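One-letter residues, chain by chain:
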Amino acid sequence: MIEYEDAEINENYEEASFEVIEYYFEIGKYTQTIELVNEVLPEHIENSRLWFILGYSHYFLGDYDQSEEQIKEALYLGYSEEWVFHILGHIYMETERWQEAEEAFLEALRANPNSADNHAAYAVLMKIMGHRKKASWLINKALEMAPENDYVLRTYFKLEGINSSKKQRILALEQYMNSSDS
């Protein structure tokens, strides 16, 4: 009976630990998230979600080499190709590896051609690379797909807001302000 109770306590502890990790991750406390993931990872070494959370957290803290390794481990363990390649695309943009960034965003779009986030992220890359028409097409496609999406609206405003008419800028700003983004 004692063994059963110990197993139940351990299971409840693990569930609580994962909930705390998810909570810190969701509120953007990446340093704490990394510490918590590192505590439980040795016992859950094949948990692709933990690897993704760890890599994503390192990405936001600017540790791109570490992040890339961990995100690739999440992919190897079966995590969502769409989100892995989306984050890899951002890592490659931050490290100015333009060709790899484009390949990553194309893989993300292959995994989910209906993702407004991926269209918007790819638009940013195209703008950086000087492909303005393609960037404009991609961000407008993203906006068409998800006109209320916070990330898409922010990206649209950054990419198109400066070059568009005053009426379009005001409309874009109003849409952004009405979105659920905090």
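Residues numbered from 1 in each chain as written. Predicted model: local features only at pLDDT ≥ 70, side-chain atom pairs only at ≥ 80, totals over all residues. Heavy atoms only, no water.

Trainee: Can you walk me through the overall build of the protein chain in this structure?
Mentor: Each helix and strand in the protein chain was counted, giving ten helices and zero strands. Taken from N to C terminus, the helices and strands of the protein chain fall in the order α-α-α-α-α-α-α-α-α-α. In the protein chain, which comprises 182 residues, the share counted as buried stands at 39%. Contacts in the protein chain between residues at least 24 apart in sequence constitute 46% of all its contacts with a sequence separation of at least 6. Counting only carbon and sulfur atoms, one obtains 50% of the accessible surface of the protein chain, whose full area is about 10900 Å². (Helix = DSSP H or I, 4+ residues; strand = E, 2+ residues; numbered from the N terminus. Buried < 20%, exposed > 50% of the residue type's maximum accessible area, 1.4 Å probe, protein only. Contact = heavy atoms within 4.5 Å. Areas by Shrake-Rupley, 256 points an atom, 1.4 Å probe, with all protein chains shown as cover.)

Trainee: How should the side chain of His 119 be read in this particular structure?
Mentor: Its place among the elements puts His 119 in helix 7 (residues 116-128). For His 119, the side chain forms a polar contact with the main-chain oxygen of Ser 115, separated by 2.9 Å. (Polar contact = N/O pair within 3.5 Å; in protein donor to acceptor, adjacent residues only side chain to side chain.)

Trainee: Honestly, the confidence of the model for the protein chain in this entry has me stumped. Any pointers?
Mentor: Any segment with low pLDDT has predicted coordinates that should not be analysed in fine detail. Per-chain confidence: the protein chain averages 86 in pLDDT, with 79% of residues scoring 70 or above. Considering only residues more than four positions removed or in separate chains, one finds that residues 1-13, a stretch of pLDDT under 50, has zero contacts. (pLDDT = per-residue confidence, 0-100.)

Trainee: Any chance you could explain helix 3 (residues 48-60) here in plain terms?
Mentor: In this model, helix 3 (13 residues) spans 18 Å end to end at C-alpha, consistent with the 18 Å of a helix rising 1.5 Å per residue. Burial analysis of helix 3 places ten of its 13 residues in the buried class, which makes it a mostly covered element. One side-chain oxygen at the N-terminal end of helix 3 lies 3.0 Å from the backbone nitrogen of Arg 49; it belongs to Asn 47. The positive-phi residue at the C-terminal boundary of helix 3 is Gly 62, with phi of around 85°. (Expected span 1.5 Å × (residues − 1).)

Trainee: Please explain the environment of Asn 118 as it appears in this structure.
Mentor: You can see Asn 118 is positioned in helix 7. Sequence spacing of Asn 118 and Gly 89 is 29 residues, and the spatial spacing of their C-alpha atoms is 9.4 Å. The contact partners of Asn 118, leaving out residues within four places of it in the chain, are Glu 82, His 86, Ala 108, Leu 109 and Asn 112. Within the structure, Asn 118 has its side chain in polar contact with the side chain of Glu 82 (distance 3.2 Å).

Trainee: When you look at the packing of helix 7 against helix 9 (residues 150-160) in this model, what are you seeing that I'm missing?
Mentor: Helix-helix packing is characterised by the crossing angle of the two axes and by the distance between the axes. Running from N to C, helix 7 and helix 9 cross one another at 20°; their axes reach a closest spacing of 9 Å. Judged on the interaxial angle alone, helix 9 and helix 7 are roughly parallel. Crossing geometry of helix 7 relative to helix 9 is assigned as left-handed. Each of Ala 116, Asp 117, Ala 120, Ala 121, Ala 123, Val 124 and Lys 127 in helix 7 lies in contact with helix 9, whose residues at this interface are Tyr 151, Val 152, Thr 155 and Leu 159. Residues of the contact of helix 7 with helix 9, tallied by class, amount to eight nonpolar, one polar and two charged. (Axes fitted to C-alpha atoms, helices over the stretch in contact; angles between N-to-C directions. Parallel < 35°, antiparallel > 145°, perpendicular 65-115°, else oblique. Left-handed = near helix turned anticlockwise from the far one by under 90°. Nonpolar A, V, L, I, M, F, W, Y, C, P; charged D, E, K, R; others polar.)

Trainee: Could you clarify how one ought to interpret the packing of aromatic side chains in this entry?
Mentor: Geometry of an aromatic ring pair is reported as the spacing of the ring centres plus the angle between the planes. Using the criterion set out here, one finds eleven aromatic pairs in the structure. Centroid distance Tyr 30 to Phe 60: 5.1 Å. Interplanar angle 15°. Geometry classified as stacked. Within this pair, whereas Tyr 30 is found in helix 2 (residues 30-40), its partner Phe 60 is found in helix 3, the two being separated by 30 residues in sequence. Looking at Phe 60, the relative accessible area reads 44%, which means it is partly exposed. Consider the rings of Tyr 59 and Tyr 64, whose centres lie 5.9 Å apart with planes at 50°: the pair is tilted. Taking relative accessible area as the criterion, Tyr 59 reaches 11% and is therefore assigned buried. Taken together, the ring pairs in this structure connect Phe 25, Tyr 30, Phe 52, Tyr 56, Tyr 59, Phe 60, Tyr 64 and Tyr 79 into an aromatic cluster. (Phe/Tyr/Trp six-rings, centres within 6.5 Å; stacked < 30°, edge-to-face > 60°.)

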